[in-house]
Structures are given as structure tokens and as C-alpha cells.
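Listed below, chain by chain, are the residues.
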Amino acid sequence: MKMIGRIGLGTLALLVAAVPLPAQQWLHDDGTSETNQSMFRDLDAEWPAPNEMRAASGYPGAAYWQQEVNYVIQTQLDTVNHAVSGSERIDYHNNSPDALRFLWVQLDQNVRSLEYSRTYEARGALPKEMSERARQFLGADPFDGGYDIKAVRVQAPGGRLMDADHFINNTMMRVNLPEPLEPGGDVALEIEWSFNVPDFGRGAKELVEDGWIYEIAQWFPRMAVYDDVNGWQTDQFLGRGEFYLEFGNYDVSITVPANHVVEATGVLQNPDDVLTAEQRRRLARAFQSETPTYIIAPDEIMTPASRPRQDGMLTWHFLANDVRDFAWASSKTFVWDAAGYKYPGQDRVIEAHSLYPRDAMPLWNEISTAAVIQTLKTYGEMAFEFPYPKASNVNGPVGGMEYPMLAFCGARPRGELEGAEAERGYSDGVKWALMSVTIHEVGHNWFPMIVDSDERKWTWMDEGLNTFLQHYGEVEMDPNFPSWRGSPPSIRDYMRDPDQVPIMTQSDLIHKDFGNNGYSKPAAGLTMLREIVLGPEAFDQAFSGYAQAWSFKKPQPSDFFRAMDEGAGENLAWMWRGWFYTTYANDQSLVSVERQPTEELLGSSERGEWYYRMTIDNEGGLVMPIRMNVTFDDGNTELIQLPVDVWRNNEKRFIYGLFTDRDITRIELDPGGWTADIDESNNLWEVAPTT
Ligand SMILES: [Zn+2]
């Protein structure tokens, strides 16, 4: 972008002489200037002091630690009673410097328990305008769900397993240890459980044309996080704040009816037992190409030839290393396609899989696996290359949810169609919905499955960062992609709403517009930072630096902010404070445009015939860069961009001076809405047309 003449130093001195210098002006002052209320001041009060675990750089510190938890799980799917039962052995390794007297285990299924669900008990307090779907999602309707915990055993001194002293507090279970677990020590737990699979929620079942689909998630008792910030993270699962888990290795055996096909986190260990020879051959071929091919074609599902055995049960065995969770899906209705992807210059093949019922065709067979591969590309460029061996996408009852290596997406072709859409069999709308939700859910592998932020507290740390990258994936996949969720112009409506809370509000305290708060607004802020404030070079190095430094680790909000400041090379306190810690909006107002002959001002017209003086007031609560389109009488328009620093000493008013030989006919502040100015009515100045 081209800058046009700015006010020179000589002129500045002249103006200063004419107008007494105003006192420091702050947007949010107490009228006295006795305390520092600058929007640019550091966030010392908001951020914890850096320490050995979390360095001032925003990167993990020299003494950073986190726990390690490994699981061996056997589970069975009961398709008659729609229930899941299982037993697990948990090996817990204490890397913390603290001795632990007890362990906390998350029991997320209890959000659907009539006995234990806090959300169900508090359902009367949910906002009246909440949609039916949102209520179901929060577990607000009665369902005989929740865990039946059949046994809890813990390793006694000497290694023997004994019944553990434990109690359940709603969605959390405390297991008391026979003796304190010292730093560096290991302890094992065994838990047996079962639960009924609900119709809605994070994991669910659904009857489609060809039969039942089960998507099983948040399904086994999972170790809560013990970290340097929370100690034990014991925030209850209320349905919205998602989850925060430790990394470890998973060895999972899933027993289902022989006519089912299973997809899961991790790599299948026993293809010879559960796939036909033909399917194994097709898989090997499929990974050699980015173009998906069928492993189970639509006309093959539920045929005898499609399964190695016709009746009884089969056990599918998966291993997954360095993951923070494990989910799976099972159905006899799955069509299955697959492809392979290699990053440029690498030999490692990443498997991309899609499994869906015929109800999801045509659509899934054309879009899903391609969208999975698009995600690997875009996120690989903007954050880091996908480290896992596979990424899968499954269609079923869950609208959109993410687990390591496995996404659940609900989009399906439906409704009456006309013209080209009827011929193709699905609408543009549903095509974009599937692209969008696939890139989003597969994108969650990066945030928070690998960059393991505390979702139960901070929705924006994974949803916001992920929504930001998702957009770039969408337009790379389809340049005509219509929606730009989280772009600065599209966030203006939300910024006008007086009834919002800051992004830095914990997930279960966001009373309305969760999507705009946790997803769109942080994404819009990051897009603004990249495209307007910092530019791609500075932003991308800071952002990928943060993502890589915290891969397989647990960042906090202040780590993100600090890493961005240090990576980009500037103090962005004004942005973090304004955009993340407040609900203030940007409203710049063009209050006057005055014109004076330069000759009169400087005694010569060397610098241009006219001197224009534009007075811009800051009427919102944010400081933001100024962007101004100036149109001249010759019809040319130039974009003037001024950094946020114009507001450092006077946050309320800035006067911009411009020398030019041409007449200005029109000035527009924030063209296109890229700084999300919420009031366009005070952004425009025009010379009245001559008749
Ligand atoms: Zn998400």
C-alpha cells in the first residue's frame, strides 16, 4: 500500500505553537491522570509473573514439567442395549515436584446422569432463549446416562492391586492413594465401568437408513490434569468447557459385532483379523495417492464379502502414542474411503480416512477426505506439520467434535434441490458446511490436541486459534468459499452488542453467543493482527513459534500473549488488553476536514497546493490503527494506513495533516471494516456534489 504525504516536522512545530498541548488523554481515565490508565500499559496485573515453568518469553521454562498417563483399555459395544462397558489400566507417572495423596479422574459421562449431573440439576437456570439443540448438548434433558462404576483398584505398596478408597463428586472422582505418590514415582489404577450411549452430546448414537451409528467419546474415566497452574484441575464438566488432559500412550481393544467397521484414534494393529484381504490391498494402494479410493464401496456395505466373519464379535486393536485422548466410532453402515498425503520433501505417509453412511452421499465421498488433506497442508504451513500417522473423519450424530486423529462431522445432503445442485445431489451450502466443519475439527488436532491448552477454562485458546487457521484452509480449498467466520468485518455485529463478556471469560461463564465469544472474536482479532497490525511475516513467525514451542505441552493465556509479543518484536499490550480482556469496540469518527492553502500555512506551496487537516476522534473503547481511503477529484483513491501508535499520548483525538495538489472529494475511515469499526455513520466525509 502506498503512503501519501504526511505532516512534516516543521509543520508540527507550527501547529504545536498555535494549539496548547493537551494533557495526556486516556479513553478510560478516572479524570485525574493519577494512575496510569493507558490502553498501551503492560498487563502486569492480569498476567502471572514468569517463573521456572513458564518463561518470560512465553515459552516453556527450564523447569517445565507435566504428568504422563498411559492407558490399556478393553471395551465392548452392546448394540442391543446401546451400552458401552469397559475396563482400563492407568499407569500414572508423577513428574511434578509434589507428593500426591490422591488422584482425580474425570467422569464426563456423568453430565448425562440423573444422579450426578450438575447441569441437569441446574437446568432451570439455563437461558430461556437457548435452543433445544444447545440444551441437549449441555445435558439439560433427562436421560438414564452416566457411569456405573463397577470397580476401582489401586496399586498398593509392593505392587498388588487393592480396592481403592474413592468418592464421586458429580463429574469428578477422587481416588485416595494408600501412600503418597512421590515425585518421579508411578502408580497404577484399574477401573471398570459401563454407561448407556445417549442420543445427543459429545458421544451419541443414531439410527440411519441402513442401521445404527455409534460415535463414542469422553467414554472412559480419564485422568484429570495436575499442573503448575491449577494443581489438580477439578472444574466440573458442565457440558460446554470441553476437556484438558495429559499426554500418554493408548492401547485399546474394541469389541463389536462382526458386521461392524470401527474407526478410532490410533493405528489399527490387527488388520488381518478385522479386514478382508481385498480391503487390506485397497488400503495399501489408497495411501499412495492423494485422490481417495473406496476401501468399502457404497454397494458393498453389509454384504458377506465385506467382512472377514459373518457373526459373533470381533475385536479391533489400536495403538496411539503421544495423544491426550482416545475416541472411536462403530457401525455396519460405513462406506469407507481413504487416501495418503506426504509433506513436500518427506517420505512419511499420513493416512486420511473418511467413514460415512450412504445417507451422507453424495457429498462425503466427494468432499471429506479432500478436506482432511487440505487441513494437513494449511495447518502444516501456518503452525507445524502433522505429527500423527493418520487423520480420520466420521459422519454420524455428532454435529462437529474433535479427538486426536479422529473428527466427527454431522453435515449431510438434505432438502429439496433445483438445477445444478439437484444434478449434483447436494447444495453449495452443505458442501461448504462439510468443508468448514471438517477443516475445523481436523484442525483441532493442532489446537488443543497437540498444543494442549486448558479447554475447560479457556475456549478461545483452541477454538479461537483454530477458527483463525480454518478460514485460511477454507479459501485455499475453494477460493469462492463464502463465509469468513471470524474476519474483522464480520465481527462488527457482535461488537455492537452491549450484552457480551470479554474473551478472557471462562468457558462455562459465557452466558450467550458462545460461538462469537470463543470462536469468531478471537479469530477476527488474530486476522486483524496478521493482516493489518503486524503483517504476515512478523505474525506467522510469532504464531508458528508459539505453536511449535507448546507442541505436546500445556500453554496458558499469558504464554500465548508473551510468545506473540516476543516472536513479532513488539509490545501488543493494547491489543491483548482491548480485544481479549474487555468488550470495548472500535469506533473512530471523522469529526472534521479543514482545508487551507499551503502558501498561507508555510509561506510557499512547494509541498502541494492544499493542506488538509482531518480530525479523528476515538469514540469507542479500543485503540486501533487508522485506515482511511482518500478519493481525489481525478477519481483516484489512496489508502492511508497509520499505526496504532498515533493514539499513544492522546487516545481520544488525532489530527492528521496531508499536503496535496489535488482536491479531496471523499474520505472514508475503516474501508471494508478491517479494524471492525462499529459505527459506519461517522466514518464518511464527502464534498457535496455540484449540480
Ligand atoms: Zn471447535
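Rules of the game
Residues numbered from 1 in each chain as written. Predicted model: local features only at pLDDT ≥ 70, side-chain atom pairs only at ≥ 80, totals over all residues. Heavy atoms only, no water. Helix = DSSP H or I, 4+ residues; strand = E, 2+ residues; numbered from the N terminus. Buried < 20%, exposed > 50% of the residue type's maximum accessible area, 1.4 Å probe, protein only. Contact = heavy atoms within 4.5 Å. Areas by Shrake-Rupley, 256 points an atom, 1.4 Å probe, with all protein chains shown as cover. 1 Å grid on protein atoms, 1.4 Å probe; cavity = no way out; pocket = protein on both sides within 12 Å on 5 of 7 lines; lining within 4 Å. Points joined across faces, edges and corners; volume = space filled by probe spheres on them. Nonpolar A, V, L, I, M, F, W, Y, C, P; charged D, E, K, R; others polar. Expected span 1.5 Å × (residues − 1). Pairing = 2+ DSSP bridges. Axes fitted to C-alpha atoms, helices over the stretch in contact; angles between N-to-C directions. Parallel < 35°, antiparallel > 145°, perpendicular 65-115°, else oblique. Left-handed = near helix turned anticlockwise from the far one by under 90°. pLDDT = per-residue confidence, 0-100. Donors = N, O, S within 2.8 Å, 3.2 Å for Na, K, Ca; no water. Tetrahedral: all angles 85-135°; square planar, octahedral: opposite > 155°, others 65-115°. Phe/Tyr/Trp six-rings, centres within 6.5 Å; stacked < 30°, edge-to-face > 60°. Core = buried A, V, L, I, M, F, W, Y, C linked by side-chain atoms within 4.5 Å.

1. Description of the overall build of the chain
Thinking step 1. When you go through the chain residue by residue, the secondary structure sums to 16 helices and 31 strands.
Thinking step 2. Seen through its principal axes, the chain has C-alpha atoms that stretch 95 × 65 × 55 Å.
Thinking step 3. When each of the 691 residues of the chain is scored for burial, the buried share is 59%.
Thinking step 4. Within the chain, contacts between residues at least 6 apart in sequence are counted, and of these 75% link residues at least 24 apart.
Thinking step 5. About 27,000 Å² of surface is accessible on the chain, with carbon and sulfur atoms providing 49% of the total.

2. Digging into empty space enclosed by the protein
Thinking step 1. A complete count under the given rule lists three cavities of 30 Å³ or more for this structure.
Thinking step 2. Size it by volume and the largest cavity reaches roughly 120 Å³.
Thinking step 3. Surrounding the largest cavity, 14 residues form its lining, V111, R112, G201, R202 and F237 being those nearest its centre.
Thinking step 4. Considered class by class, the residues forming the lining of the largest cavity number five nonpolar, six polar and three charged.
Thinking step 5. Its boundaries defined by the atoms lining it, the second largest cavity holds a volume of some 50 Å³.
Thinking step 6. In terms of lining, the second largest cavity is formed by N259, V261, I296, I301, M302, S306, R307, K332 and F334.
Thinking step 7. Residue classes in the lining of the second largest cavity are distributed as five nonpolar, two polar and two charged.

3. Some thoughts on helix α13 (residues 536-549)
Because each turn of an α-helix spans 3.6 residues, side chains separated by three or four positions end up pointing in the same direction.
Thinking step 1. Over its 14 residues, α13 runs 19 Å from end to end, which matches the ideal 20 Å to within 8%, given 1.5 Å per residue.
Thinking step 2. Residues F539, A542, F543, S544, G545, Y546, A547 and A549 constitute the buried set of α13.
Thinking step 3. The inward-facing, buried residues of α13 abut α6 (364-382), α9 (445-450), α10 (459-477), α12 (514-534) and α14 (557-568).

4. Brief notes about the sheet that holds strand β22 (residues 390-395)
Thinking step 1. Spatial strand order, β17-β20-β21-β22-β24-β23: six strands in an open sheet with mixed pairing. Every interior strand has two partners, whereas the edge strands, β17 (293-296) and β23 (400-403), have only one. Going across the sheet, the axis of each strand differs from the next one's by a mean of 20°, ignoring polarity.
Thinking step 2. Where β17 lies against strand β20 (residues 335-341), three bridges are found, and the strand directions are antiparallel. Looking at the pairing, T293 lines up with A338 of β20.
Thinking step 3. In this fold helix α5 (residues 277-286) packs onto β17, β20 and β21 (350-356), with an angle of close to 155° to the strand it touches most, β17.

5. Re the environment of M504
Thinking step 1. You can see M504 is positioned in the loop between α11 (492-496) and α12.
Thinking step 2. You can call M504 buried: its relative accessible area is 18%.
Thinking step 3. When the C-alpha atoms of M504 and W458 are compared, they prove to be 7.3 Å apart, with 46 residues separating the residues in sequence.
Thinking step 4. Those residues within four positions of M504 in sequence are excluded, and the remaining contacts are W458, W460, P557, F561, F580 and Y581.

6. Considering the packing of α10 against α12
Thinking step 1. Relative orientation of the contacting elements α10 and α12 amounts to 55°, with a least axis distance of 8 Å. Of the possible angle classes, the one that applies to α10 and α12 is oblique. Of the two possible hands of crossing, α10 and α12 adopt the one that is right-handed. Facing α10, whose interface residues are T459, W460, E463, G464, L465, T467, F468 and Y472, α12 presents F514, G518, Y519, P522, A523, L526, T527, R530 and E531.
Thinking step 2. By residue class, the composition of the contact of α10 with α12 is nine nonpolar, five polar and three charged.

7. A word on the confidence of the model for the chain
Thinking step 1. Model confidence for the chain is summarised by a mean pLDDT of 93, while 96% of its residues fall at 70 or above.
Thinking step 2. Segment residues 1-17 is flagged for pLDDT under 50; beyond a separation of four residues in sequence, or across chains, it makes 35 contacts in the model.

8. A word on the pairing of strand β15 (residues 261-264)
Thinking step 1. Judged by which residues are buried, β15 turns out to be covered on both faces: V261 and E263 on one side and V262 and A264 on the other are all buried.
Thinking step 2. Bridge analysis of β15 against strand β19 (residues 328-331) gives four bridges, and the strand direction is antiparallel. When the sheet's bridge partners are listed, A264 is paired in β19 with W328.

9. Topic: the coordination of the zinc ion
Thinking step 1. Surrounding the zinc ion are the protein donor atoms H440 (NE2), H444 (NE2), E463 (OE) and E463 (OE), which sit 1.9 to 2.6 Å from the metal.
Thinking step 2. Its four donor atoms give the zinc ion angles of 54 to 151° at the centre, a pattern that matches the irregular case.
Thinking step 3. Spacing between the donor residues of the zinc ion along the chain follows H-x3-H-x18-E. Linking H444 in the loop between α8 (428-443) and α9 with E463 in helix α10, this pair joins segments that are 19 residues apart in sequence.

10. Examining the environment of A224
Thinking step 1. Take A224: it is sitting in the loop between β11 (222-223) and β12 (226-227).
Thinking step 2. The spatial distance from the C-alpha of A224 to the C-alpha of T234 is 7.2 Å, given a sequence separation of ten residues.

11. Some remarks on the packing of aromatic side chains
Thinking step 1. For the coordinates displayed, the defined rule picks out 48 aromatic pairs.
Thinking step 2. Where F220 meets Y250, the ring centres are 5.9 Å apart and the plane angle is 75°; that geometry is what we call edge-to-face. Residue F220 is located in the loop between β10 (211-216) and β11, and its partner Y250 is located in strand β14 (residues 248-257); the two are separated by 30 residues in the primary sequence.
Thinking step 3. The exposure class of F220 is buried, given its relative accessible area of 1%.
Thinking step 4. Residue classification places Y250 among the buried residues on the basis of a relative accessible area of 2%.

12. Examining the nonpolar core
Thinking step 1. Counting residues in each nonpolar core, the largest one holds 193 residues, and the members touching the most others are W219, F326, F560, W576 and W579.
Thinking step 2. Sorting elements by how many residues they give to this core places α6 first, with eight residues.

13. Examining the sheet that holds β14
Thinking step 1. Spatial strand order, β5-β4-β8-β2-β1-β14-β18-β16: eight strands in an open sheet with mixed pairing. Both outer strands of the open sheet, β5 (161-163) and β16 (267-268), are each paired with one neighbouring strand and no more.

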